[in-house]
Amino acid sequence: MAAIPGSQTGTRDARAAIAEVPMWYHSIEVAPGVVTPGMFDLRPIVDKLPWPDVRGKRVLDVGTSDGFLAFELERRGAAEVVAVDIPGHEEWDWELDNRDDGLQYLRHVVGPTTSIGFRLAHELRGSSVRLQHISVYDLSPETVGEFDAVVCGTLLLHLREPLRALEAIRSVCRGEFLCTNQIELGLTVLHPRRAVARFDGTSRLVQWWIPNAAGHRQMLRASGFELVRDSGLYAVRFGPAHPPSARSPLRSLAHRVLTGVDGVPHYAVLARPG
């Protein structure tokens, strides 16, 4: 924590800076005992993920947002971490009737530009992660180079063309690929071996394809990856910035029974290019 030491003055400075960011997506510890008020808290599930060994390697975090996974890769000993995300709110795969309203909302709530939270967390942590603004669709050896390992966290459901994105990721991955994805829990229980997905595109949540666990595995296979191992089901907890959940008590109970906590059902797979 080079920029913000663990002193009382440093802690006050960090908290004041954090409060100036309009919205945090990730809960990130940026100084001893100082955590950003994210919409989602990935800290409890870190050890549930089937991580590749990144020590001494060049690695890529796709769709980094505030940078939680990129900073975790750095903590795990990666020699170089590149984090990529879209350059602006306009680059989202907006639904047909939601682009104008969605852009207005994000500009009001998040601010006029992307990566505000990432840049502050990067500074407060004294991080060496390098941020590059580029769409996942445009990843190629010519645009970003090649990587020993790639990580992509909860991005695919927000993409109109997830297989195209996965093929672009495969083009820059010469080692292992950790892909986490939100999954449809009911379809996972009903069809544990059959690849199925729920198609959205109209809920104004910027969500398109939400597969079951088998569907997530099949998306990777269809994009040219071989599966190595998986995480099993888990849930990402809501952070303090997340709006109150409108989920029914019965559904919340089902999530607790099947994943251990009430949160967003997820499933992660470690794969490698076939």
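Predicted, not measured: the structure shown is a model, and the values here were computed from it.

Engineer: Explain the overall build of the protein to me, using residue names and the numbers behind them.
Structural biologist: Along the protein, the regular secondary structure elements total nine helices and 13 strands. Its C-alpha atoms give the protein a radius of gyration of 18 Å, near enough to 19 Å, the size a compact globule of 274 residues would have. By the burial criterion, 51% of the 274 residues in the protein qualify as buried. Within the protein, counting contacts between residues at least 6 apart in sequence, those at least 24 apart form 70% of the total. Counting every atom, the protein has about 12,800 Å² of accessible surface; 51% of that belongs to carbon and sulfur. Side-chain charges of the protein comprise 30 positive and 32 negative groups, with the mean position of each set lying 6 Å from the other.

Engineer: Give a detailed account of the sheet that holds strand β9 (residues 173–182), specifying residues and quantitative values.
Structural biologist: One open sheet accounts for nine strands, arranged β1-β4-β12-β13-β9-β8-β5-β6-β7; its pairing is mixed. In this open sheet, the two edge strands, each paired with only one partner strand, are β1 (24–26) and β7 (130–133). Strand-to-strand twist across the sheet, computed as the mean angle between neighbouring axes with direction ignored, equals 20°. Bridge analysis of β9 against strand β13 (residues 264–273) gives six bridges, and the strand direction is antiparallel. Following the sheet pairing, Leu 178 is matched in β13 by Leu 270. Sitting on the sheet, helix α8 (residues 213–222) is in contact with β9, β12 (225–238) and β13, with an inclination near 25° to β13.

Engineer: A description of helix α3 (residues 99–109) should follow, citing residues and the corresponding values.
Structural biologist: What sets the pattern is the α-helix's 3.6 residues per turn: residues three or four places apart point alike. Along α3, the positions that sit buried rather than exposed are Gly 102, Leu 103, Leu 106 and Val 109. Viewed end-on, α3 has its buried residues packed into an arc of 145°, placing them on one side of the element. Structural note: α3 exposes Asp 100, Gln 104 and His 108 on the side pointing more than 90 degrees away from its buried face. Looking one or two places after α3, you find Gly 111, whose phi comes out positive at around 115°.

Engineer: For the pairing of strand β8 (residues 147–153), give the residues involved together with the corresponding values.
Structural biologist: The element β8 is extensively covered by neighbouring structure, given that six of its seven residues are classed as buried. Both strand β5 (residues 58–62) and β8 contribute to a ladder of four bridges, which runs parallel. Its bridge partner lying in β8, Asp 61 is registered against Val 151. Bridge count between β8 and β9: six bridges; the pairing is parallel. Each bridged residue has a counterpart across the sheet, and for Gly 153 the counterpart in β9 is Thr 180. Taking the sense of rotation as the criterion, the β-α-β connection linking β8, helix α6 (residues 162–172) and β9 turns out right-handed.

Engineer: Can you tell me about the packing of aromatic side chains, naming the residues and giving the values?
Structural biologist: Any aromatic ring pair is given by two values, namely how distant the centres are and how the planes are angled relative to each other. Counted by the stated rule, this structure contains seven aromatic pairs. On the basis of an interplanar angle of 35° and a centroid distance of 5.8 Å, the ring pair of Trp 92 and Trp 94 is categorised as tilted. For Trp 92, a relative accessible area of 30% corresponds to the partly exposed category. Three or more aromatic residues link up through ring pairs in this structure, and these residues are Tyr 25, Phe 40 and Phe 238. The ring of Tyr 137 is capped by Arg 164, whose NZ or CZ atom sits 4.2 Å from the centre of that ring.

Engineer: I'd like a description of α6, backed by residues and values.
Structural biologist: Taken residue by residue, α6 has Pro 162, Ala 165, Leu 166, Ala 168, Ile 169 and Val 172 as its buried positions. Buried positions in α6, seen along its axis, are confined to an arc of 160° and lie on one side of it.

The rules we used
Residues numbered from 1 in each chain as written. Predicted model: local features only at pLDDT ≥ 70, side-chain atom pairs only at ≥ 80, totals over all residues. Heavy atoms only, no water. Helix = DSSP H or I, 4+ residues; strand = E, 2+ residues; numbered from the N terminus. Rg over C-alpha atoms; globule rule 2.2 N^0.38 Å. Buried < 20%, exposed > 50% of the residue type's maximum accessible area, 1.4 Å probe, protein only. Contact = heavy atoms within 4.5 Å. Areas by Shrake-Rupley, 256 points an atom, 1.4 Å probe, with all protein chains shown as cover. Lys, Arg positive; Asp, Glu negative; His and termini not counted. Charge placed at Lys NZ, Arg CZ, Asp CG, Glu CD. Pairing = 2+ DSSP bridges. Axes fitted to C-alpha atoms, helices over the stretch in contact; angles between N-to-C directions. Arc of directions from axis to C-beta. Right-handed = clockwise from strand over helix to strand, strands pointing away. Phe/Tyr/Trp six-rings, centres within 6.5 Å; stacked < 30°, edge-to-face > 60°. Lys NZ or Arg CZ within 6 Å of the ring centre and 35° of its normal.

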